[in-house]
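Remarks on the overall topology
Single-letter residue listing:
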Amino acid sequence: MPDATPDLTALWQQQPTSHIDMLDLAKRLKRQQRAQRIYLFVDLLGFVPALWVMMVTWDALSSLLAGCLVALLVITFLFYTYIAWLRRHAALARFEDTSHYLGTLKKQLLNNHKIARLTFHSCWLSGVALVAILGLMAAYEDYTLDNLRRSAWVLALVGIGLTAMAVWAHKRAARFKLEYQQLAVLDT
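Since the structure is predicted, the reported quantities are computational estimates derived from the model, not experimental observations.

Calculation notes
Residues numbered from 1 in each chain as written. Predicted model: local features only at pLDDT ≥ 70, side-chain atom pairs only at ≥ 80, totals over all residues. Heavy atoms only, no water. Helix = DSSP H or I, 4+ residues; strand = E, 2+ residues; numbered from the N terminus. Contact = heavy atoms within 4.5 Å. Areas by Shrake-Rupley, 256 points an atom, 1.4 Å probe, with all protein chains shown as cover. Axes fitted to C-alpha atoms, helices over the stretch in contact; angles between N-to-C directions. Parallel < 35°, antiparallel > 145°, perpendicular 65-115°, else oblique. Nonpolar A, V, L, I, M, F, W, Y, C, P; charged D, E, K, R; others polar. Phe/Tyr/Trp six-rings, centres within 6.5 Å; stacked < 30°, edge-to-face > 60°. Lys NZ or Arg CZ within 6 Å of the ring centre and 35° of its normal. Patch = residues over 30% accessible without salt bridge, like charges linked within 9 Å, V, L, I, M, F, W, Y side chains within 5 Å. Salt bridge = Lys/Arg side-chain N within 4 Å of Asp/Glu carboxyl O. Lys, Arg positive; Asp, Glu negative; His and termini not counted. Charge placed at Lys NZ, Arg CZ, Asp CG, Glu CD. Core = buried A, V, L, I, M, F, W, Y, C linked by side-chain atoms within 4.5 Å. Buried < 20%, exposed > 50% of the residue type's maximum accessible area, 1.4 Å probe, protein only.

Turning to the overall build of the protein chain, a few remarks are in order. Secondary structure assignment for the protein chain yields eight helices and zero strands. Once local pairs closer than 6 in sequence are excluded, the contacts in the protein chain between residues at least 24 apart make up 80%. Total accessible area on the protein chain stands at roughly 13,300 Å², and carbon and sulfur atoms take up 67% of it.

Along the polypeptide, Leu51 turns up in helix 3 (residues 47-57). When the C-alpha atoms of Leu51 and Leu73 are compared, they prove to be 8.6 Å apart, with 22 residues separating the residues in sequence.

Running from N to C, helix 2 (residues 22-45) and helix 3 cross one another at 5°; their axes reach a closest spacing of 4 Å. As the angle between them shows, helix 2 and helix 3 are arranged roughly parallel. Across the interface between the two elements, Asp43, Leu44 and Leu45 from helix 2 touch Phe47, Val48 and Pro49 from helix 3. When the residues that make up the contact of helix 2 with helix 3 are grouped by side-chain class, the tally is five nonpolar, no polar and one charged.

Below, the discussion takes up the packing of aromatic side chains. Per the counting criterion, the structure on display carries four aromatic pairs. Ring centres 5.8 Å apart and planes at 65° place the aromatic pair Phe47 and Phe77 in the edge-to-face group. Of this pair, Phe47 sits in helix 3 while Phe77 sits in helix 4 (residues 63-86); the two residues are 30 residues apart in sequence, bridging distant segments of the chain. Through a chain of ring-to-ring contacts, three or more aromatic side chains come together here, namely Phe47, Phe77 and Tyr80. Stacked on the ring of Trp85, the Lys or Arg Arg88 has its end atom at 3.9 Å from the ring centre.

The next subject is a positive patch on the surface. Together, Lys27, Lys30, Arg31 and Arg34 line one region of the surface with positive charge. Looking at the secondary structure, you find Arg31 in helix 2.

Next up on the list: the nonpolar core. Membership of the largest hydrophobic core is limited to nine residues, which are Leu25, Ala26, Leu29, Tyr101, Leu102, Leu105, Leu109, Phe176 and Leu183. Those elements that place two or more of their residues in this core are helix 2, helix 6 (101-139) and helix 8 (152-187). The dominant element in this core, judged by the number of residues it contributes, is helix 6, at four residues. Counting eight residues, the second largest nonpolar core, distinct from the first, contains Leu61, Ala66, Met137 and Tyr143.

Together, Ile38, Tyr39, Phe41, Val42, Leu45 and Val48 give the surface a local cluster of nonpolar side chains, amounting to about 560 Å² of exposed area. In terms of residue count, helix 2 provides more of the nonpolar patch than any other element does, five residues in total. Residue placement: Phe41 occurs in helix 2.

A few words now on the packing of helix 2 against helix 4. Direction vectors running N to C along helix 2 and helix 4 enclose 175°, while the axes themselves pass 10 Å from each other. What the angle tells us is that helix 2 and helix 4 run roughly antiparallel. Note on element contacts: helix 4 touches helix 2 through Tyr80, Ile83 and Ala84, opposite Leu40, Asp43 and Leu44. Partitioned by chemical class, the residues of the contact of helix 2 with helix 4 number five nonpolar, no polar and one charged.

See below:
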């Protein structure tokens, strides 16, 4: 019986390898960094009109509505803080060593997926909160049927906007999950 042991070195060298394009990864991470920093700034700017409207209309607000709006603003700020923390991988990334690009990008894509899911759930929760606040105000006679008629178009626009944003967030969550899975294949 002949000794026909295969040359393992030659067999190993014939194995297909996946090439990691470090320039593409660096470009994607820099793009993520710019995007995350812009998102942080825009999210923070979102508080300015809310605070301005509350300050301008504070005297005209009932104590119940003012309390609901302050509670909503505090909850929104907590959400902003959590989302800012999730954006940290790309927003604070250092570009000193290319060996960290893949890991940093993967972490940020996972966090982007979490942010998109959080956005999706906050859309429908915002609708529930709006109905609950209006119901609470109606129960305490702070909001009448006449007020509802006058603000129906605003409520319809808010409902359409929240629905559109929920659909957008759901699609983004799926996209970020797919991008992460594609990068995870490169890492194995």
